[in-house]
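Working through the structure, step by step
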Amino acid sequence: MAEITASAIDEVLRKQLDSLDTSVESREVGTVIQIGDGIARVDGLKDCMAGELLEFVSSEGKTVYGLAQNLEEEEVGAVLLGDVNAIKENDEVHTTGRIVEVPSGKAMLGRVVNPLGMPLDGKGPIEAEGYRPVEFKAPGIIERTPVHEPVQTGLIAIDAMIPIGRGQRELIIGDRQTGKTSIGVDTIINQKGKDMICIYVAIGQKASTVASVVETLQRHGAMDYTIVVSAPASDAAPLQYIAPMAGAAIGEFFIYNGEDGKPASAMNPGRHVLCVYDDLSKQAVAYRQMSLTLHRPPGREAYPGDVFYLHSRLLERAVKLSDKNGGGSLTALPIIETQDGDVAAYIPTNVISITDGQIYLQSDLFFQGQRPAVNVGISVSRVGGSAQVKSMKQVAGTLRLDLASYRELQAFAQFGSDLDKATQDQLTRGARMTELLKQGRFASMEVEDQVIAIYAGSQGLLDDMPVSAVLRFRAGLIDYMHTNKADLVARLREKGKLDDALRDELTEAIKQYKASFVYEE
Amino acid sequence: MPKNRLLVNREIATYVQVLLDATQASGTTFEATSQLKEMQHVLVEHPALRDALRDETLDADARVNILGSIFEGFDPSVLKVVSVMAERHELGLIHRFVNEFQAKAEEALDAVIVDVTTVVELDDALRTQIKNKLEPQFGKSIVLREHIDPSIMGGIILGAHGKRIDASVAKQLEKTRVVLSSQRSGGER
Amino acid sequence: MKAHVSKLAARAGIMGALASGATLAFPMMAFAAERETAGVSAILPAMDEFIPMLVAFLVLLAILAKFGWPAFDNLLVRRETTIRESLEKAEENRIESERTLKEYQQQLADARQEAKSIIAEAKQTAEGERARMTRQAQEESEAMIAKAREAIEAEKKAAISELQGSVADLTVAVTARVIGEDFSDEDHRKLIARSIEEVGNLNA
């Protein structure tokens, strides 16, 4: 379509010229009196508003945006978003009358952008459908409806026991190197074909890590419905600070607007968005840096007093809108990194109390080979249960309790060898169920496959096979079901729940496969 | 050394009053505002100078001498007041002091001081034109503080009370350039 | 052991009987041939010979009847049962083997059936897999083409915007140069006068 010809360029330029506004209106002007650490003190700007977008003009004519943070009697403390080194003392500052906005729209899908919506992937400019404010007050009670549709992560351990609903805020918490990002990325990959727009916000990470995540998403075809907002560690603290809000704002465009870009309503349904904030502890650190350099008083762990509000107002933007408002949803998966498993630190406790549950990852589980290293004992989902698929609820109902008692027994059984039959049975079952929850990376499973696998385990059909064969059996069983019992799987998917006939048929099919399964490799 | 806000305000008011009294006696209030602006600009422009003037190891005389040598030929009363500020380690207040003094000076002159920047010097016709244009807007008489700056390429920049109208050619061209090279064809702000 | 002994005894009895039979017959025949001419008396036994012979015969008979016959009879009965039993067994074996054969045939048929179904299943699996792979390959290639198109489009857009940017920069630079060099003070004053007319409210 876009031919590079002189006439095309000419036309574009003429069109742009038409929109040139030649009026000269008065603007408020201030001057930078001190700058450093990404913070500028500005003299003047008496009418400046808190959180307003400021325009810094360098002596070379370069424009850098800033965010008004501290409004004092005679000066304004602002943080710079962008090239900090371009601005010097005595440079001009203008107010803009706007708060920070990010462009959004379908054209952003598949792109990597910075927190201001500028492309970082070298794929040319992005044509925005609209703009959304970075700071946006979360919708109230009237506009919402309880969470009732599931978000499938594709991970058995989570979908079965810690189900997540659309519009929920589920915290992923754990030490470094426990697979927090993997859960987020696997969840995004599993949203393929599920009418979900995903936003991955990378805050304060290594640029190489972000690049590899992007590469992974691309390889699995997940970039088609994903936007990556990246504020790597090399970005200034203010950019890292607004990154999650920018991600939420980009997502909000999709839930408050229908497919056609018009505002969502009962007739024009909004879309579903999944936001992964990776991770909020780094955002808190960036905010702490900002606040300390702005001379705000430090509180616990030197975080400013409003760090709780920082996270609560961000996560409160996760929403499931009522049908009248288009029924769109924003699901938030914030990630928090703990130090040495300390969930009682300031930021972890804050975010745990804000979210609707947490997925707790533990490094000892990770190193035992239990991956994903979800500790199902202390992980919870406070609202996801009502969104869970019926059939899954049926088979997984007792799973959590079974596993809990298994772990109890396991600790106990290490002392004595003489165990009665019932205890031994429970141990056998528990070991196999635990094994069943293991899952490699990028090996997400459909919910009906998960149901079949858990059903096989809970019916004791795995009890007589060695633990080491369980995973192989699971994989084989799923393949077998899809190739030879496709109708059964289809029925299971359609019905969404298990009745007696379906149960019998399922047991029969699993037994059939088991008969041909070779335990020894 | 954070101080009580009210105390600081009173201190500034004292400095302003002293300078105002002195300049009114010599009739140089308007010139003093210009010189103070210039001083402020220089102090902000050179962080090294600022740091030197705040240096605790330098004694008060040395600081005053630095100021005196840099701002030679300035109104002695202006220089004196600023020197006292430097002596008392209160140069950080200079921005508020300058703003405050300008406001008080305008009050004393019963006029609005308007900064005018052009490429060539204004003639009287232009001065009257500006005054005629701006006086009804402020409802007060206008005093022009004229600056020459070739880098604006043409046109005029007017500024008062922290507001600014930039009708310079440089600005217009910059605007045009931004509009021409921006690709945003969709979306509404 | 006992059976063996009684068998031997029985055999001895029979031999005895035969031997005695022979001794009875041959002398008599020889006697008859000798006395052919003596008329009917030739065929009549001499009473003095006949009585002891009879007695001996009767004694032998009695002995045989008492001991020989039951043993002989026993032997027969046993033989009969043995034969019958073996016949029965043979019959049974035959039936058994027939059953086994049938079983084997059934199993063979089953195995064939199973093999068939396994093959069918495998075929189905393979077919499914093939279809899946074809589809996947197709999708992948389509996605690749689409991606390439997109990339080309993006490149084009980037090129256009770059070109546009440089055109704009150039235009502005030229304009600036013209104004800077060709404007006289009088021109500037005119421009200032016009600018003053254009400006809005400074005290807004």
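What you see is a predicted model; the values in this text were computed from it and never measured.

Cut-off values and rules
- Residues numbered from 1 in each chain as written.
- Chains lettered and ligands numbered in written order.
- Predicted model: local features only at pLDDT ≥ 70, side-chain atom pairs only at ≥ 80, totals over all residues.
- Heavy atoms only, no water.
- Helix = DSSP H or I, 4+ residues; strand = E, 2+ residues; numbered from the N terminus.
- Buried < 20%, exposed > 50% of the residue type's maximum accessible area, 1.4 Å probe, protein only.
- Areas by Shrake-Rupley, 256 points an atom, 1.4 Å probe, with all protein chains shown as cover.
- Expected span 1.5 Å × (residues − 1).
- Axes fitted to C-alpha atoms, helices over the stretch in contact; angles between N-to-C directions.
- Parallel < 35°, antiparallel > 145°, perpendicular 65-115°, else oblique.
- Left-handed = near helix turned anticlockwise from the far one by under 90°.
- Contact = heavy atoms within 4.5 Å.
- Nonpolar A, V, L, I, M, F, W, Y, C, P; charged D, E, K, R; others polar.
- Patch = residues over 30% accessible without salt bridge, like charges linked within 9 Å, V, L, I, M, F, W, Y side chains within 5 Å.
- Salt bridge = Lys/Arg side-chain N within 4 Å of Asp/Glu carboxyl O.
- Domains from an automatic or database assignment.
- Buried area = accessible area lost by both parts, 1.4 Å probe.
- Polar contact = N/O pair within 3.5 Å; in protein donor to acceptor, adjacent residues only side chain to side chain.
- Phe/Tyr/Trp six-rings, centres within 6.5 Å; stacked < 30°, edge-to-face > 60°.
- Lys, Arg positive; Asp, Glu negative; His and termini not counted.
- Pairing = 2+ DSSP bridges.

All right, on to the overall build of chain C then. Scanning chain C for helices and strands turns up three helices and zero strands. Each helix and strand of chain C, placed in order from N terminus to C terminus, yields the pattern α-α-α. Within chain C, the proportion of its 204 residues that are buried is 10%. Taken as a whole, chain C presents about 16,100 Å² of accessible surface, with 64% of it coming from carbon and sulfur.

Residues and elements named next belong to chain B. With 16 residues, helix α6 (residues 94-109) should cover 22 Å at 1.5 Å per step; its first-to-last C-alpha distance of 22 Å lies within 8% of that length. Those residues of α6 not exposed but buried are Ile94, His95, Arg96, Phe97, Val98, Phe101, Gln102, Ala105 and Glu106. A positive backbone phi angle near 50° is found at aspartate 110, which sits one or two residues after α6.

Here the focus is the packing of helix α3 (residues 180-190) of chain A against helix α4 (residues 207-219) of chain A. Between two packed helices, what matters for the description is the angle formed by their axes and the separation of those axes. Residues and elements named next belong to chain A. The N-to-C vectors of α3 and α4 enclose an angle of 30°; their axes lie 10 Å apart at closest approach. Viewed along their axes, α3 and α4 adopt a mutual orientation that is roughly parallel. Crossing of α3 over α4 shows right-handed handedness. Contacts from Thr181, Val185, Ile188 and Ile189 of α3 reach α4 at Val213, Thr216 and Leu217. Of the residues belonging to the contact of α3 with α4, the class tally is five nonpolar, two polar and no charged.

Turning to a nonpolar patch on the surface, a few remarks are in order. Residues and elements named next belong to chain C. Taken together, the side chains of Met47, Phe50, Ile51, Leu54, Val55, Phe57, Leu58, Val59, Leu61, Ile63 and Phe67 make up a nonpolar region of the molecular surface, amounting to roughly 1,000 Å² of accessible area. Among the secondary structure elements, phenylalanine 50 is positioned in helix α2 (residues 47-182). You can call phenylalanine 50 partly exposed: its relative accessible area is 31%.

Residue and element names in this part refer to chain A. If you check the domain split of chain A, you get domain 1 (23-98), domain 2 (103-388) and domain 3 (394-516). When each unit is reduced to the centre of its C-alpha atoms, the spacing between domain 1 and domain 2 is 30 Å. Contacts between domain 1 and domain 2 engage 13 residues on the former and 10 residues on the latter. Of all residues in domain 1, Gln69, Asn70 and Leu81 bury the most surface against domain 2, accounting for 46% of the area lost on that side. On inspection of domain 1 and its partner domain 2, the count reaches three residue pairs in polar contact (both at pLDDT 80 or more). Counting residues per element, the ones that place at least two in the side of domain 1 that touches domain 2 are β4 (63-71) and β5 (75-81).

Next up on the list: the packing of aromatic side chains. All names here are of chain A. Counted under the stated rule, the structure contains 13 aromatic pairs over all chains. Plain terms: the ring middles of phenylalanine 473 and phenylalanine 517 are 5.0 Å apart, the flat faces sit at 85° to each other, and that makes the pair edge-to-face. Highlighted residues: phenylalanine 473 in helix α14 (residues 470-484) and phenylalanine 517 in the segment after α16 (500-516), separated in sequence by 44 residues. A relative accessible area of 1% means that phenylalanine 473 is categorised as buried. For phenylalanine 517, a relative accessible area of 11% gives the class buried. Taking the centre distance of 5.2 Å and the plane angle of 40° together, the rings of tyrosine 480 and tyrosine 513 count as tilted.

What follows is about the pattern of salt bridges. With the rule as written, the count across this model stands at 45 salt bridges over all chains. With a shortest N-O distance of 3.2 Å, Glu435(A) and Lys438(A) are connected by a salt bridge. Residue Lys438(A) is classed as buried on the basis of its relative accessible area of 19%. A salt bridge links Asp115(B) to Arg145(B), with the nearest nitrogen and oxygen atoms 2.8 Å apart. Highlighted residues: Asp115(B) in strand β1 (residues 111-118) and Arg145(B) in strand β2 (residues 141-148), separated in sequence by 30 residues.

With that out of the way, let us pick up the side chain of Asp43(A). In this structure, Asp43(A) sits in strand β2 (residues 39-44). It turns out Asp43(A) is buried and unbridged, and the closest side chain with the opposite charge, Lys37(B), is 5.9 Å from it. In this structure the side chain of Asp43(A) is engaged in a polar contact, spanning 3.2 Å, whose partner is the side chain of Asn99(B). For Asp43(A), the contacting residues outside a window of four places in its chain are Gly30(A), Thr31(A), Ile33(A), Glu74(A), Gln40(B), His95(B) and Asn99(B).

On the chain A side, the residues contacting the 32 residues of chain B number 33 residues. Taken over both partners, the interface formed by chain B and chain A buries close to 3,000 Å², and the fraction arising from carbon and sulfur atoms is 47%. Summed over the shared surface of chain B and chain A, the result is two salt bridges. Residue Arg5(B) pairs with Glu73(A) through a salt bridge whose shortest N-O separation is 3.1 Å. Here chain B and chain A share nine residue pairs in polar contact (both at pLDDT 80 or more) between them. Elements with a contribution of two residues or more to the side of chain B that touches chain A: α1 (5-26), α2 (29-45), α3 (47-54), α6, β4 (163-168) and α8 (169-181) of chain B. Take the side of chain B that touches chain A: its biggest share by element is seven residues, from α8(B). Residues of the side of chain B that touches chain A, tallied by class, amount to six nonpolar, 13 polar and 13 charged. Inspection of the sheet shows strand β1 (residues 26-36) of chain A paired to β4(B) by three bridges, in the antiparallel sense.

This part takes up the interface of chain B and chain C. The partner chain C presents 25 residues to the 32 residues of chain B that form the contact. Both faces considered, chain B and chain C share a buried interface measuring about 2,600 Å² in area, 68% of it formed by carbon and sulfur atoms. Where chain B meets chain C, there are two salt bridges. Close ionic contact of Arg189(C) with Asp123(B) constitutes a salt bridge, the shortest N to O distance being 3.9 Å. Where chain B meets chain C, there are seven residue pairs in polar contact (both at pLDDT 80 or more). Of all the secondary-structure elements, those providing two or more residues to the side of chain B that touches chain C are β1, α7 (124-138), β3 (155-160), β4 and α8 of chain B. Counting residues per element, the side of chain B that touches chain C draws most heavily on α7(B), which supplies seven residues.

Quick look at the environment of Val76(A) now. Residues and elements named next belong to chain A. The residue valine 76 is located in strand β5 in this model. Using a relative accessible area of 3% as the deciding quantity, one classes valine 76 as buried. On a C-alpha basis, the gap between valine 76 and alanine 40 in space is 8.1 Å, while along the polypeptide they are 36 residues apart. With residues up to four places along the chain from it excluded, the contact list for valine 76 reads Ala40, Arg41, Val42, Gly44, Leu45, Cys48, Leu54, Ala68, Asn70 and Leu71.

Residues and elements named next belong to chain A. Burial within β5 is extensive, with seven of its seven residues counted as buried. In β5, alternate side chains face the same way, and those of Glu75, Gly77, Val79 and Leu81 on one face and Val76, Ala78 and Leu80 on the other are all buried. Judged from the five bridges that link them, β2 and β5 form a sheet pairing that is antiparallel. Bridge pairing in β5 links alanine 40 to alanine 78. Bridge count for β4 against β5 is six bridges, and the pairing is antiparallel. Residue pairing in the sheet places leucine 67 in a bridge with valine 79 of β5. The loop that links β4 with its antiparallel partner β5 comprises three residues.

Glancing now at the environment of Ala160(B). Of note, Ala160(B) is situated in strand β3. When its relative accessible area of 4% is taken as the criterion, Ala160(B) is described as buried. Along the chain, Ala160(B) and Glu106(B) lie 54 residues apart, while their C-alpha atoms are 11 Å from each other. Dropping the residues within four chain positions of it, Ala160(B) is found in contact with Val112(B), Ile113(B), Val114(B), Phe138(B) and Leu202(C).

All right, on to unusual backbone geometry then. All names here are of chain A. The linkage connecting aspartate 278 with the following residue, aspartate 279, adopts the cis geometry, with an omega of -5°. Locating aspartate 279 in the fold gives a position in the loop between β15 (272-278) and α6 (280-293). That bond from arginine 371 to proline 372 is cis: its omega, -5°, falls within 30 degrees of zero. Structurally, proline 372 can be placed in the loop between α9 (363-367) and β19 (380-381). Of note in the backbone geometry, glutamate 301 takes a positive phi value of approximately 50° without being a glycine. One can find glutamate 301 in the loop between α6 and α7 (307-315). The class for glutamate 301 is partly exposed, based on a relative accessible area of 39%. Non-glycine residue phenylalanine 442 carries a positive phi angle of around 55°. Structurally, phenylalanine 442 is set in the loop between α12 (421-436) and α13 (447-458).

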